[in-house]
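# Reading the structure
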Amino acid sequence: MLVSTPNRRDIYARLFSDGVLVARKDFASPEHMELKHIKNIEVIKTCQSLRSRGFVREQFSWQHYYFFLTDEGIEYLRKWLNVPSDVVPKTLQAKAEPPRVIGGFRGDRAGGYRRPGAPGERGFGERRGPGTFQSEYRSRGGPGGFRSFGRGGGNAPGAGGRDVYRPPRAEPPVRGMEAP
């Protein structure tokens, strides 16, 4: 495909400065995602031409082309763009140490994360002490907190199950005391 020299220069410059170029697999798109003045198909075909010569490595995933610059490609683009040898793509530049954030999340505190069992900290899987039960997590039921599953109340004391009226039981007579 014929690509104009100014467009080719812009594609090569962007690829050299970043070290990687992303293009959506949409050949009918009138513009590229990053290079707005160039057609998407021109970017794809230019990078595929570089790939066939071994200057970029292509990865295709989720309808996007990812073109990564190789060492041979860096030398080729350096000559083509007339860039000095001390300029390198962003992918090869050493990252500066990020500044420490004071007051960020727990990992930024002095001493790092707390170990399980530290004062004021409950370890993973440990139970709380007696008397610290939180009743709002208990389901309805009797004084023992038994849950009522299904239609009946099961054998839980005081858990009646369905809300129906049941007459009180008559107490059995006590021996030794006869009625007059």
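The structure contained in this document is the topic of the report that follows. Worth saying up front: this structure is predicted, and the values here are computed from it rather than measured.

A word on the packing of helix α1 (residues 5-18) against helix α3 (residues 71-81). Angle between the axes and distance between the axes are the two parameters that describe a pair of packed helices. Following both chains from N to C, one finds α1 and α3 inclined at 135 degrees, their axes separated by 10 Å at the closest point. In this view, α1 runs oblique relative to α3, as classed from their interaxial angle. Once α1 is placed against α3, the crossing between them reads as left-handed. Facing α1, whose interface residues are R8, R9, Y12, A13, L15 and F16, α3 presents I74, Y76, L77, R78, W80 and L81. The class makeup of the residues in the contact of α1 with α3 is nine nonpolar, no polar and three charged.

To continue, consider the packing of aromatic side chains. Geometry of an aromatic ring pair is reported as the spacing of the ring centres plus the angle between the planes. Using the criterion set out here, one finds five aromatic pairs in the structure. Here F55 and Y76 contribute two aromatic rings whose centre-to-centre distance is 4.4 Å and whose plane-to-plane angle is 10 degrees, an arrangement assigned as stacked. Linking F55 in the loop between α2 (40-52) and β2 (56-61) with Y76 in helix α3, this pair joins segments that are 21 residues apart in sequence. Under the relative-accessibility criterion, Y76 is labelled partly exposed at 22%. Between the aromatic rings of F60 and Y65, the centroid separation amounts to 4.9 Å while the plane-to-plane angle is 55 degrees, which identifies the pairing as tilted. Residue F60 is classed as partly exposed on the basis of its relative accessible area, which comes to 36%. Y65 sits in the buried class, given a relative accessible area of 8%. An aromatic cluster is present here, built from Y12, F55, Y76 and W80 joined pairwise through their rings.

What counts and what doesn't
- Residues numbered from 1 in each chain as written.
- Predicted model: local features only at pLDDT ≥ 70, side-chain atom pairs only at ≥ 80, totals over all residues.
- Heavy atoms only, no water.
- Axes fitted to C-alpha atoms, helices over the stretch in contact; angles between N-to-C directions.
- Helix = DSSP H or I, 4+ residues; strand = E, 2+ residues; numbered from the N terminus.
- Parallel < 35°, antiparallel > 145°, perpendicular 65-115°, else oblique.
- Left-handed = near helix turned anticlockwise from the far one by under 90°.
- Contact = heavy atoms within 4.5 Å.
- Nonpolar A, V, L, I, M, F, W, Y, C, P; charged D, E, K, R; others polar.
- Phe/Tyr/Trp six-rings, centres within 6.5 Å; stacked < 30°, edge-to-face > 60°.
- Buried < 20%, exposed > 50% of the residue type's maximum accessible area, 1.4 Å probe, protein only.

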